Amino acid sequence: MLTVTDLNVWFGYPPDRVDAVKAASFTVAQGESFGLVGESGSGKSTILRAITGLIDTWSGQIEVAGQAVAGRKRDRAFHKTVQMVFQDPYASLHPRHSVDRVLSETLKLQGMDDIDGRISRLLNDVGLGKGFRFRYPHQLSGGQRQRVAIARALAAEPKLLLLDEPTSALDVSVQAEILNLLTDLRAEHGLTYVMVSHDLAVVGHMCDRLAVMRGGRIEEIMTVDQLRHAGATQDYTRHLIAASAGYERS
Amino acid sequence: MTTALLSVQNLRVTFPTRQGAFQAVRGVSFDLGRERLGVVGESGSGKSMTGRAILGLVRPPGRVTADRLTLGDQSILNLPERQMRAIRGNRISMVMQDPKFSLNPVMRIGDQIIEAYRLHAGGGRDAARQKALDMLRAVQIRDPERVMGAYPHEVSGGMGQRIMIAMMLAPDPEILIADEPTSALDVSVRTEVLNIMDGLVRDRGMGLIFISHDLNLVAQFCDRVLIMYAGRVVETLAAKDLHNARHPYTQGLLNSLPRLDHPVERLAVLQRQDSWRDVPLQTDLPGGL
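Throughout this document, residue positions are counted from 1 along each chain, in the order its sequence is written. For naming, the first written chain is A and the first written ligand is 1, with later ones following in the order written. The predicted nature of this model means local features are confined to residues of pLDDT at least 70 and side-chain atom pairs, given and counted, to a pLDDT of 80 or more, with totals for whole chains, interfaces and linings taken over all residues. Working from all heavy atoms in the structure, the side-chain values ignore hydrogens and water.

A. Just helix 3 (residues 99-109) of chain A, in detail. Residues and elements named next belong to chain A. Accessible area is worked out with a 1.4 Å probe on protein chains only. A residue is then buried under 20% of its type maximum, exposed over 50%, and partly exposed in between. Only DSSP runs of H or I reaching four residues or more are called helices, and only runs of E reaching two or more are called strands; each is numbered from the N terminus. Regarding helix 3, the residues found buried are Val-99, Asp-100, Val-102, Leu-103, Ser-104, Thr-106 and Leu-107. In this structure, the buried side of helix 3 is in contact with helix 4 (115-125) and helix 5 (142-154). Gly-111 lies just past helix 3 and shows a positive phi near 65 degrees. Residue contacts are counted whenever heavy atoms from the two residues lie within 4.5 Å of one another.

B. Expanded view of unusual backbone geometry. Of note, the bond from Pro-14 of chain A into Pro-15 of chain A is cis; its omega dihedral lies within 30 degrees of zero at 5 degrees. With a phi close to 45 degrees, Glu-165 of chain A is a non-glycine residue in the positive phi region. You can see Glu-165 of chain A is positioned in the loop between strand 7 (160-164) and helix 6 (172-189). Of note in the backbone geometry, Asn-78 of chain B takes a positive phi value of approximately 50 degrees without being a glycine. Within the element layout of this structure, Asn-78 of chain B appears in the loop between strand 6 (74-75) and helix 2 (81-87). Judged by its relative accessible area of 54%, Asn-78 of chain B is exposed.

C. How the structure looks around the layout of surface pockets. Residues and elements named next belong to chain B. Every definition here rests on a 1 Å grid over the protein atoms only: cavities are sets of points where a 1.4 Å probe fits but cannot get out, pockets are open sets enclosed by protein on both sides within 12 Å along at least five of seven lines, and lining residues have some atom within 4 Å of a point. Grid points are joined across faces, edges and corners, and a volume is the space filled by probe spheres set on the points. Considering only enclosed or pocket space, the second largest pocket measures out at about 680 Å³ in volume. Around the second largest pocket, the lining is made up of 23 residues, and of these Gly-89, Ala-116, Leu-119, His-120 and Met-168 lie nearest the centre. When residues of the lining of the second largest pocket are traced back to their parent elements, those giving at least two are helix 2, strand 7 (92-95), helix 4 (109-121) and helix 7 (157-169). Of the residues forming the lining of the second largest pocket, the biggest block, five residues, is contributed by helix 4. For the lining of the second largest pocket, the residue count by class is 13 nonpolar, six polar and four charged. For the lining of the second largest pocket, the domains that each give at least three residues are domain 1 (1-91 + 175-289) and domain 2 (98-172). Ten residues, namely Ala, Val, Leu, Ile, Met, Phe, Trp, Tyr, Cys and Pro, are considered nonpolar, four, namely Asp, Glu, Lys and Arg, are considered charged, and the remaining ones, Gly among them, are considered polar. Domain borders in the structure are assigned automatically or taken from a domain database.

D. Fine view of the sheet that holds strand 8 (residues 192-197) of chain A. Residues and elements named next belong to chain A. As summarised here, the arrangement of the six strands in space is 6-7-8-3-9-10, forming an open sheet in which the pairing is mixed. Each edge of the sheet is formed by a strand with only one pairing partner; in this case those strands are strand 6 (82-85) and strand 10 (217-223). For this sheet, the mean inter-axis angle between neighbouring strands, taken without regard to orientation, is 20 degrees. Note on pairing: DSSP must find at least two bridges between two strands before they are called paired. With five bridges joining them, strand 7 and strand 8 adopt parallel strand pairing. Of the residues in strand 8, the one forming a bridge with Leu-160 is Thr-192. With axes taken as lines fitted to C-alpha atoms, and helix axes fitted only over the stretch in contact, angles between N-to-C directions fall between 0 and 180 degrees. Across the face of the sheet, helix 1 (residues 44-52) comes into contact with strand 3 (33-38), strand 6, strand 7, strand 8 and strand 9 (209-214) while running at roughly 145 degrees to strand 7. Its contacts with the sheet place helix 5 against strand 6 and strand 7, and it is angled at close to 170 degrees to strand 6.

E. View of the domain arrangement of chain B. Residue and element names in this part refer to chain B. Taken domain by domain, chain B comprises domain 1 (1-91 + 175-289) and domain 2 (98-172). Distance from the C-alpha centre of domain 1 to the C-alpha centre of domain 2: 27 Å. Counting from both sides, the interface comprises 16 residues of domain 1 and, opposite them, 15 residues of domain 2. For the pair domain 1 and domain 2, the two sides together bury roughly 1300 Å², of which 64% comes from carbon and sulfur. Sorting the residues of domain 1 by area buried against domain 2 places Asn-90, Ile-196 and Arg-204 first, and these three jointly supply 37% of that buried surface. Only one rule defines a salt bridge in this text: a Lys or Arg side-chain nitrogen within 4 Å of an Asp or Glu carboxyl oxygen. Where domain 1 meets domain 2, there are two salt bridges. A salt bridge links Glu-192 to Arg-162, with the shortest nitrogen-to-oxygen separation between them at 3.4 Å. Defined here as a combined quantity, buried area equals the accessible surface (1.4 Å probe) lost by two parts on assembly, summed across both.

F. Local environment of the pairing of strand 5 (residues 68-71) of chain B. All names here are of chain B. Relative to strand 5, strand 1 (residues 6-17) runs antiparallel, the two being bridged by four bridges. Paired with Val-8 across the bridge in strand 5 is Leu-69. The turn linking strand 5 back onto strand 6 is made up of two residues, and Gly-72 within it adopts a positive phi angle of 65 degrees.

Here it is in structure tokens:
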């Protein structure tokens, strides 16, 4: 579904050039759920942004569903295949567009028909009733906003969903609801996920395999089983697992 | 428990709205000794507002009322601003969530610490500078001279948070209120910052109020935990007993967390009940609150 080979992403020009991602390679199979974990600044979100064409300073190969992409240009078929959900539902929805407008705009851009029916179905899919259709973002809670953002991503009927920290701005109780929703949607629509998170437990819950990143490099690619059963081979991964287990009072 | 540093009885914070008065904090009571007290709850549960009310940081039209709010044997409820300023920072300090928003972006870090310290402790610039360097060392910043001359955007989030802690601890307060001090930090940096706070609390015998949404972290870091829901404390327990919590809200929060060592197909979702808003508090602790 997704193949990334020797991906380099950089910002700025020498001597201030920053290499945000260095020689990252991974593949995600159809129907798989793949996690990218690491600390802030490790380049995990940057990979997603390079895939979606939000950054053009990259080299290497990115193939989505067998099609290579280049630069920033993405064709309509790409947007029908790949959609993204961003971290902060407070920032990713237009404050003066109603839910109806957010979704209908996306549907029109995708050249869909039966927009009215589709909006109802999308809202239903993400567990929001009809009553939410004409609300504005400020009339929604954080969890409800993230549901709208997920509905917007699903509007194009994508195959691959890129999730950039979809629950880190939410309370744990709401996080559980959103993660369950994502699990259900994946089963229903046969989606492939690439999920970025700094929370190992969330990735462990959602994903089959994960890549651990540090300073722009992929340190290790492992299965969640390995993660659970202390199968990490790199010191850094073990350190990260220990740190995320919580605080040991000395 | 030893004598209370801070005693809070029936604290309420009320905001007038068009729909009538809204109580963000509805009758919170606790005594803080020389201990680490965790305050946990979801967003909107009133945990931050409790911290702000203690420091007199609730802005009008918000109103703070309490049967008792005493620091040592002095009442600090609705003190005039001038007297409150003598307490704030000096005797009770607060570390906020995000260092990016609490440090002055156009002032060198050293100058900010020196300013804060002299405001509270007085003294000459040189002595304050020395103290600032010591404080930066105390929070394990390796190159304090360089950091003193840096601007906030030139340091990382974890370092910024340590600088905030250094600044807050410089006047040697009796109580530190930490409002989500590690939520904006990576897990590995988080451990470092917690270690530093832990050490400082232990060595100086401070009382710490640790406000967080992270139940497991609080259970591991604190001595005692208050669980807040809709402006009230619904349960209070010793941190080590958190996993034996009896209140359905606490249990629900714990169960909704994904866990690496305990994989599940679906996460349990919290089923809220209206009765949680008003049922009386459950406590097992000797001496109550």
